[in-house]
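# Understanding the architecture of this molecule
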Amino acid sequence: MAQKKLKALEKLKIDFCPSPKQYELWKLLQPECPLCVGEVEQMLIGYDAAHNPRYKPYCKQCGNQNIPQMVLGGGAAGGGKSFVSSVWLVSSCIRFPDIRAVVVRKTLKSLKESTWNTIRMVIKQWGLVEDKHYHINNVAGTLRFWNDSVIIMLELADQPSDLNFERFGSMEATIAACDGVSEVS
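Residues numbered from 1 in each chain as written. Predicted model: local features only at pLDDT ≥ 70, side-chain atom pairs only at ≥ 80, totals over all residues. Heavy atoms only, no water.

Secondary structure summary: the protein chain contains four helices and seven strands in total. Secondary structure elements in the protein chain, listed N-terminal to C-terminal, are α-β-β-α-β-α-α-β-β-β-β. Taken over the C-alpha trace, the protein chain has a radius of gyration of 18 Å; the compact-globule value for 185 residues is 16 Å, and the two agree within 12%. For the protein chain, the C-alpha atoms occupy an extent of roughly 50 × 45 × 40 Å along the three principal directions. Within the protein chain, the fraction of its 185 residues that count as buried is 35%. Considering only contacts within the protein chain whose residues lie at least 6 apart along the sequence, 59% involve residues at least 24 apart. (Helix = DSSP H or I, 4+ residues; strand = E, 2+ residues; numbered from the N terminus. Rg over C-alpha atoms; globule rule 2.2 N^0.38 Å. Buried < 20%, exposed > 50% of the residue type's maximum accessible area, 1.4 Å probe, protein only. Contact = heavy atoms within 4.5 Å.)

With that out of the way, let us pick up the packing of helix 2 (residues 81-95) against helix 4 (residues 115-125). Across the interface, helix 2 lies against helix 4 with an axial gap of 9 Å and an inter-helix angle of 55°. In this view, helix 2 runs oblique relative to helix 4, as classed from their interaxial angle. Read as a crossing pair, helix 2 and helix 4 show a hand that is right-handed. Contact with helix 2, carried on its side by Ser82, Phe83, Ser86, Val87, Leu89 and Val90, involves Thr115, Thr118, Ile119, Met121, Val122 and Ile123 of helix 4 and no other residues of that element. Residues of the contact of helix 2 with helix 4, tallied by class, amount to eight nonpolar, four polar and no charged. (Axes fitted to C-alpha atoms, helices over the stretch in contact; angles between N-to-C directions. Parallel < 35°, antiparallel > 145°, perpendicular 65-115°, else oblique. Left-handed = near helix turned anticlockwise from the far one by under 90°. Nonpolar A, V, L, I, M, F, W, Y, C, P; charged D, E, K, R; others polar.)

The subject of this paragraph is the side chain of Gln22. Here Gln22 is to be found in helix 1 (residues 20-29). Every residue in contact with Gln22, bar those within four places of it in the chain, is listed here: Gly79, Gly80 and Val84.

With that settled, the discussion passes to the pairing of strand 1 (residues 40-47). Two elements, strand 1 and strand 2 (residues 53-59), share seven bridges in a ladder whose sense is antiparallel. Residue pairing in the sheet places Val40 in a bridge with Cys59 of strand 2. Two successive antiparallel strands, strand 1 and strand 2, enclose a turn made up of five residues, where His51 displays a positive phi of approximately 65°. (Pairing = 2+ DSSP bridges.)

Attention now goes to a nonpolar patch on the surface. A cluster of nonpolar side chains, namely Leu44, Tyr47 and Tyr55, defines an oily patch on the protein surface of about 350 Å² accessible area. Looking at the element boundaries, Tyr55 is found in strand 2. The exposure class assigned to Tyr55 is partly exposed, which follows from its relative accessible area of 47%. (Patch = residues over 30% accessible without salt bridge, like charges linked within 9 Å, V, L, I, M, F, W, Y side chains within 5 Å. Areas by Shrake-Rupley, 256 points an atom, 1.4 Å probe, with all protein chains shown as cover. Salt bridge = Lys/Arg side-chain N within 4 Å of Asp/Glu carboxyl O.)

If you want it as structure tokens, here you go:
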């Protein structure tokens, strides 16, 4: 059976009131400069030993070169880390078409029981309706939005046949969030 065409939500109401600490993390996760909200661009800074180009992000507006490329959030249970990362993944997918967002945890079971539920809760709170604005494929572990952005579930459990995690070597992802990073080797 053919899947119906998904539609954009006409009036999106995002209700996100982060604590001061959550807001610090939120600002660092945004694609704009965390100082002035200017556009970030990649600047060529040289070449590595294999003659591959190396780039560093900088703000075109204020010249800031201290742009985070990896953001780590920590703290005790209940601090809202999973919630902030879920809001970030969903809002990024809504804001930018055709992105591939990845959410990972050590096991798919723990991911489905925690962060995946938080992602689904956020989507419902914002008024999105399953099979109208987004579609979940439980077999593939994906959540696809009307604009072809997708959130993909992955597990990072150790596999004796893949000690170096080479199974992810050619994966194309725009953004990624790892929940429970201390559980992963």
